[in-house]
Amino acid sequence: RDFIIMSFLISILNEYGYEYFDTRLPADSLEHSLADLFAWQHLLNNFFVAVLLSFSLSQSSIGVSLIYNLLYRYETYEIVLNPMFKSTSPSEFWGRR
């Protein structure tokens, strides 16, 4: 499921340079005001990229675990446990997931 969501996000966001919503200033500009930083377009662009990063970390850790499993015949634990959507607190996000 994560792979499908990740593929969908990459195919959509890549077409727009990873900025799906237009913002007043370019994303790499240092002249953002506080209002620009909290504009809904800017927040959603950042959220989409954060979701993509989270799913990418999850998929790559599964891939590394699979290779390790095949080479050494040792069962590994899942490292990334979908922290973006399954965490219930900031400490669980940073520590347990």
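Residues numbered from 1 in each chain as written. Predicted model: local features only at pLDDT ≥ 70, side-chain atom pairs only at ≥ 80, totals over all residues. Heavy atoms only, no water.

Peer 1: Looking at this structure, I do not really get the environment of Phe8. What am I missing?
Peer 2: Here Phe8 lies in helix H1 (residues 2-15). Linking Phe8 and Asp22, residues 14 residues apart in sequence, is a C-alpha distance of 20 Å. (Helix = DSSP H or I, 4+ residues; strand = E, 2+ residues; numbered from the N terminus.)

Peer 1: It is not clear to me how the pattern of salt bridges should be interpreted in this structure. Could you clarify?
Peer 2: A side chain of one charge can pair with a side chain of the opposite charge when the charged atoms of the two come close. Across all of its chains, the model carries one salt bridge by this definition. Asp36 is paired through a salt bridge with Arg24; the nearest N and O atoms lie 2.7 Å apart. Of this pair, Asp36 sits in helix H2 (residues 34-37) while Arg24 sits in the loop between H1 and H2, and the two are 12 residues apart along the sequence. (Salt bridge = Lys/Arg side-chain N within 4 Å of Asp/Glu carboxyl O.)

Peer 1: Just checking my understanding: could you explain the side chain of Ser58 for this structure?
Peer 2: Here Ser58 is to be found in helix H3 (residues 40-72). The class of Ser58 is buried, set by a relative accessible area of 3%. The residues touching Ser58, leaving out its near neighbours within four places in the chain, are Asp2 and Val80. (Buried < 20%, exposed > 50% of the residue type's maximum accessible area, 1.4 Å probe, protein only. Contact = heavy atoms within 4.5 Å.)

Peer 1: Even after reading the chapter, I still don't get unusual backbone geometry, so can you show me in this structure?
Peer 2: Across residues other than glycine, the phi torsion is negative in most instances, and most of the peptide bonds are trans. The phi dihedral of Tyr18 is positive, around 60°, even though this residue is not glycine. Note on placement: Tyr18 falls in the loop between H1 and H2.

Peer 1: Mind showing me how you'd approach the side chain of Asn45 here?
Peer 2: With respect to the secondary-structure elements, Asn45 resides in helix H3. Judged by relative accessible area, which is 6%, Asn45 ranks as buried.

Peer 1: Any chance you could explain the packing of aromatic side chains here in plain terms?
Peer 2: Note on aromatic pairs: each is described by the distance of the centres and the angle between the planes. According to the stated counting rule, one finds nine aromatic pairs in the structure shown. Both rings, one in Tyr20 and one in Phe21, keep their centres 5.0 Å apart while their planes meet at 90°; by these two values the pair is edge-to-face. Taking relative accessible area as the criterion, Tyr20 reaches 36% and is therefore assigned partly exposed. Their ring planes at 20° and their centres at 6.2 Å tell us that Phe21 and Phe48 sit as a pair that is stacked. Here Phe21, found in the loop between H1 and H2, pairs with Phe48, found in helix H3; they are 27 residues apart in sequence, far enough to count as distant. Taken together, the aromatic side chains of Tyr16, Tyr20, Phe21, Trp40, Phe47, Phe48, Phe55 and Phe85 make up a single cluster linked through ring pairs. (Phe/Tyr/Trp six-rings, centres within 6.5 Å; stacked < 30°, edge-to-face > 60°.)

Peer 1: Sorry if this is basic, but what is going on with a nonpolar patch on the surface here?
Peer 2: Taken together, Ile67, Tyr68, Leu71, Tyr72 and Tyr74 make up a surface patch of nonpolar side chains, about 600 Å² in accessible area. Tracing the backbone through its elements, the reader meets Leu71 in helix H3. (Patch = residues over 30% accessible without salt bridge, like charges linked within 9 Å, V, L, I, M, F, W, Y side chains within 5 Å. Areas by Shrake-Rupley, 256 points an atom, 1.4 Å probe, with all protein chains shown as cover.)

Peer 1: Just to check I follow, could you spell out H1 for this structure?
Peer 2: Given 3.6 residues per helical turn, the α-helix brings residues three or four places apart onto the same face. The terminal C-alpha atoms of H1 lie 20 Å apart, and with 14 residues this matches the ideal 20 Å at 1.5 Å per residue to within 8%. In the core, the buried residues of H1 are packed alongside H3. Two residues or fewer past H1, Gly17 is found with a positive phi of approximately 65°. (Expected span 1.5 Å × (residues − 1).)

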